[in-house]
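The primary structure of each chain is shown beneath.
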Amino acid sequence: MTTERYRLSFTTGGLFVREAPAIVERYLWTADWVGTRSDVRAENLLQLRTAAASTRISKELIARLQELDRDELEELRDANVRDQSYLLWVAACRRYVFLREFASEVLREHYLARRTQLTVSDYDAFFNSKALWHEELEGLADSTQKKLKQNLFRMLREAGLVTPQHLIQAALLSPRIAQLIARRDRRDLFVFPVSDQEIQRWLS
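Just so we're clear, the structure is a prediction, and the values are computed from it rather than from any experiment.

## What to know about the packing of helix 1 (residues 20-30) against helix 4 (residues 70-78)
Here is step 1: Where helix 1 meets helix 4, the closest approach of the two axes is 9 Å, and the angle between their N-to-C directions is 130°. If you check the angle between helix 1 and helix 4, you find them oblique. Crossing of helix 1 against helix 4: the hand is left-handed. When helix 1 is examined against helix 4, the residues Ala-20, Val-24, Glu-25, Tyr-27 and Leu-28 are found in contact with a partner set consisting of Arg-70, Leu-73, Glu-74, Leu-76 and Arg-77.
Here is step 2: Of the residues contributing to the contact of helix 1 with helix 4, the split by class is six nonpolar, no polar and four charged.

Okay, structure coming up:
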């Protein structure tokens, strides 16, 4: 059986909550991701110190934002920080199967089982189980493995889904945000620590 290789380039930055609105605003004006990418770099829209950082971060962030449809992008532009964070977490999980599987198989399952804390050991167990099927994980340098772990937990914190002490926090999606996310696939809501009953209430 052939297993699809994981993309693992999410070691760059966190959710980019501060940077995302400027890129989204430019894309919604141009409707052109290639042109948006060029504008971000040429005009230093992200206000970064070096061109190399602008190139690296804009490439990563745009790859994630392309996972959102226009309605989701418009909502991200206009939303409060909490809802922006939720949408950026969804975008990252759509882009990276590794993140999506961790969120649904570990984070949400812990929440449903009323386990209040997400530990480093939980991550390690998940990583080791996936490495049995994904040789690209087995071959990672220790430093890269560490970055993957650190950035995953960083994104969870920035999304407000875990505390700095790794306590799991229920997602507080509004029905509007939940319905937007679920239009493509209801299972996209499984990347949040929420119950089936909560999802049903949001979508009804």
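Alright, that's what it looks like, and here's the rest.
## A closer look at the packing of aromatic side chains
Here is step 1: Applying the stated criterion across every chain, the model contains twelve aromatic pairs.
Here is step 2: Judged by centre distance (6.0 Å) and plane angle (25°), the ring pair of Phe-10 and Phe-98 falls under stacked. Of the two residues, Phe-10 is situated in the segment before helix 1 and Phe-98 in helix 6 (residues 97-112); the sequence distance between them amounts to 88 residues.
Here is step 3: Where Phe-102 meets Phe-126, the ring centres are 5.2 Å apart and the plane angle is 80°; that geometry is what we call edge-to-face. A residue pair is termed long-range when its members are at least 10 positions apart, and Phe-102 in helix 6 and Phe-126 in helix 7 (residues 120-131) qualify at 24 residues.

## Observations concerning the nonpolar core
Here is step 1: Counting 66 residues, the largest nonpolar core has Leu-65, Trp-89, Phe-98, Leu-173 and Phe-192 as the members making the most contacts within it.
Here is step 2: No other element matches the eight residues that helix 5 (residues 81-95) contributes to this core.
Here is step 3: Apart from residues lying up to four places away in sequence, Leu-173 is in contact with Tyr-86, Ala-178, Ile-181, Leu-189, Phe-192 and Trp-202.

## A short note on unusual backbone geometry
Here is step 1: Residues other than glycine seldom take positive phi values, yet Ala-31 does so here, at roughly 55°.
Here is step 2: You can see Ala-31 is positioned in the loop between helix 1 and helix 2 (33-43).

## Section: the side chain of Glu-136
Here is step 1: With respect to the helices, strands and loops of the structure, Glu-136 is situated in helix 8 (residues 135-138).
Here is step 2: Here Tyr-6 takes part through its backbone nitrogen, which lies 2.6 Å from a polar atom of the side chain of Glu-136.
Here is step 3: Of the polar contacts made by the side chain of Glu-136, one reaches the side chain of His-134; its length is 2.9 Å.

## Regarding the pattern of salt bridges
Here is step 1: With the rule as written, the count across this model stands at 20 salt bridges.
Here is step 2: Residues Glu-60 and Arg-64 are paired through a salt bridge, measuring 2.8 Å at the closest nitrogen-oxygen approach. Here Arg-64 and Glu-60 lie together in helix 3 (residues 51-65), a separation of four residues that amounts to about one turn. For the pair shown, Glu-60 and Arg-64 are each scored as buried.
Here is step 3: Look at the salt bridges and you will find they share partners, linking Arg-5, Glu-135 and Glu-136 into a network.

## Considering the side chain of His-166
Here is step 1: In this structure, His-166 sits in the loop between helix 9 (142-158) and helix 10 (175-182).
Here is step 2: Residue His-166 is classed as buried on the basis of its relative accessible area, which comes to 17%.
Here is step 3: When near neighbours in sequence (up to four residues on either side) are disregarded, His-166 contacts Thr-116, Gln-117, Leu-118, Val-120, Phe-153 and Arg-157.

Calculation criteria
- Residues numbered from 1 in each chain as written.
- Predicted model: local features only at pLDDT ≥ 70, side-chain atom pairs only at ≥ 80, totals over all residues.
- Heavy atoms only, no water.
- Axes fitted to C-alpha atoms, helices over the stretch in contact; angles between N-to-C directions.
- Helix = DSSP H or I, 4+ residues; strand = E, 2+ residues; numbered from the N terminus.
- Parallel < 35°, antiparallel > 145°, perpendicular 65-115°, else oblique.
- Left-handed = near helix turned anticlockwise from the far one by under 90°.
- Contact = heavy atoms within 4.5 Å.
- Nonpolar A, V, L, I, M, F, W, Y, C, P; charged D, E, K, R; others polar.
- Phe/Tyr/Trp six-rings, centres within 6.5 Å; stacked < 30°, edge-to-face > 60°.
- Core = buried A, V, L, I, M, F, W, Y, C linked by side-chain atoms within 4.5 Å.
- Buried < 20%, exposed > 50% of the residue type's maximum accessible area, 1.4 Å probe, protein only.
- Polar contact = N/O pair within 3.5 Å; in protein donor to acceptor, adjacent residues only side chain to side chain.
- Salt bridge = Lys/Arg side-chain N within 4 Å of Asp/Glu carboxyl O.

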